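One letter stands for each residue in the lines below.
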Amino acid sequence: MSSYDRRDLGLLLLRLGAGGVLAAHGAQKLFGWFGGHGIEGTGQFMESVGYAPGRASATAAGLAEAGGGTLLALGLATPAAGAAAAGAMAGASAVHAPNGFFNAEGGYEYAATLALAATGLAVTGPGRLSLDHALGHVFDRGWMVPTALGVTAAATALVVGARNKRLRDRKPDKQEALFAEEEALFRE
């Protein structure tokens, strides 16, 4: 086996593994499969962690994960698929970041690893054992890589930035309620 053949096999395994995991996570969000909560439950969670509206956020995250993961596994439209999956995982990383790095502590390790794998595949390409290769790389042109990653990075920055603003705006309300409760106790 030449090193070129080993590269293609390695990319296939990486695509199937990362893409399969991402697709399964998306299916949890969209359909409630694999122990997931579906759009309604995921939407409520998304709303609770600052992504609003929750249902639309759950749908977008589910589609990015399920669609991006499936396309990565197939090796089809690899730049867009990798970028979409990486964007969804960047959003998940933002939720877990306050817990530190390691997943055991609720940190962003797992989401960041999937984001890096998806980004790496978007940059490297799917290899010869892929639908992109079979179709003559119609959906995998060189210019598509920076375009897909740039558009996704900008959109993700806007979404995560809006989430962070929502969370900052929530804190004074909770703090004011706390002060109001303390003030009521002192009056009694």
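Values in this document were obtained by computation on a predicted structure and should not be read as measured data. (Residues numbered from 1 in each chain as written. Predicted model: local features only at pLDDT ≥ 70, side-chain atom pairs only at ≥ 80, totals over all residues. Heavy atoms only, no water.)

Visitor: Help me out: how do you make sense of the packing of helix H4 (residues 78–96) against helix H5 (residues 109–124) in this one?
Guide: A pair of packed helices can be characterised by two numbers: the angle between their axes and the separation between those axes. As a packed pair, H4 and H5 sit with axes 8 Å apart at the nearest point and diverge in direction by 160°. Considered as vectors, H4 and H5 are oriented roughly antiparallel to each other. H5 is crossed by H4, and the crossing has left-handed handedness. On the side of H4, the interface is formed by Thr 78, Pro 79, Gly 82, Ala 83, Ala 85, Ala 86, Met 89, Ala 92 and Ser 93, while H5 contributes Ala 111, Ala 112, Leu 114, Ala 115, Ala 118, Thr 119, Leu 121 and Ala 122. Considering only residue class, the contact of H4 with H5 consists of 13 nonpolar, four polar and no charged. (Axes fitted to C-alpha atoms, helices over the stretch in contact; angles between N-to-C directions. Helix = DSSP H or I, 4+ residues; strand = E, 2+ residues; numbered from the N terminus. Parallel < 35°, antiparallel > 145°, perpendicular 65-115°, else oblique. Left-handed = near helix turned anticlockwise from the far one by under 90°. Contact = heavy atoms within 4.5 Å. Nonpolar A, V, L, I, M, F, W, Y, C, P; charged D, E, K, R; others polar.)

Visitor: Looking at this structure, how should I read the side chain of Asp 132?
Guide: Looking at the secondary structure, you find Asp 132 in helix H6 (residues 131–134). There is no salt bridge for the buried Asp 132, and the closest opposite charge comes from Arg 15, which lies 7.4 Å off by N-O distance. A polar contact of 2.7 Å, which involves the side chain of Asp 132, links it to the side chain of Thr 78. With residues near it in sequence (within four places) discarded, Asp 132 still touches Gly 75, Leu 76, Ala 77, Thr 78, Pro 126, His 137, Phe 139 and Asp 140. (Buried < 20%, exposed > 50% of the residue type's maximum accessible area, 1.4 Å probe, protein only. Lys, Arg positive; Asp, Glu negative; His and termini not counted. Salt bridge = Lys/Arg side-chain N within 4 Å of Asp/Glu carboxyl O. Polar contact = N/O pair within 3.5 Å; in protein donor to acceptor, adjacent residues only side chain to side chain.)

Visitor: Even after reading the chapter, I still don't get the layout of surface pockets, so can you show me in this structure?
Guide: A water-sized probe, rolled over the atoms, reveals where empty space remains. Estimates place the volume of the largest pocket at around 890 Å³. Around the largest pocket, the lining is made up of 37 residues, and of these Lys 29, Met 46, Ala 61, Glu 65 and Ala 92 lie nearest the centre. Counting only elements with at least two residues in the lining of the largest pocket, the list comes to helix H1 (3–31), helix H2 (38–48), helix H3 (54–74), H4, H5 and helix H7 (144–187). If one sorts the elements of the lining of the largest pocket by residue count, H4 sits on top with eight residues. (1 Å grid on protein atoms, 1.4 Å probe; cavity = no way out; pocket = protein on both sides within 12 Å on 5 of 7 lines; lining within 4 Å. Points joined across faces, edges and corners; volume = space filled by probe spheres on them.)

Visitor: Help me out: how do you make sense of H5 in this one?
Guide: One full turn of an α-helix is made of 3.6 residues, so residues set three or four places apart face in the same direction. Counted at 1.5 Å a residue, the expected span for H5 with its 16 residues is 22 Å, and the 22 Å between its end C-alpha atoms agrees. Within the span of H5, buried status applies to Ala 111, Ala 112, Leu 114, Ala 115, Ala 117, Ala 118, Leu 121 and Ala 122. Gly 125 occupies a position one or two residues after H5 and carries a positive phi of about 100°. (Expected span 1.5 Å × (residues − 1).)

Visitor: Where do I start with unusual backbone geometry in this structure?
Guide: Most peptide bonds take the trans configuration, and most residues that are not glycine carry a negative phi. For the bond running from Ala 52 to Pro 53, omega is -5°, close enough to zero to count as cis. Tracing the backbone through its elements, the reader meets Pro 53 in the loop between H2 and H3. Notably, Phe 34 is not glycine yet its phi reads approximately 55°, a positive angle. Looking at where Phe 34 falls in the secondary structure, it is placed in the loop between H1 and H2.

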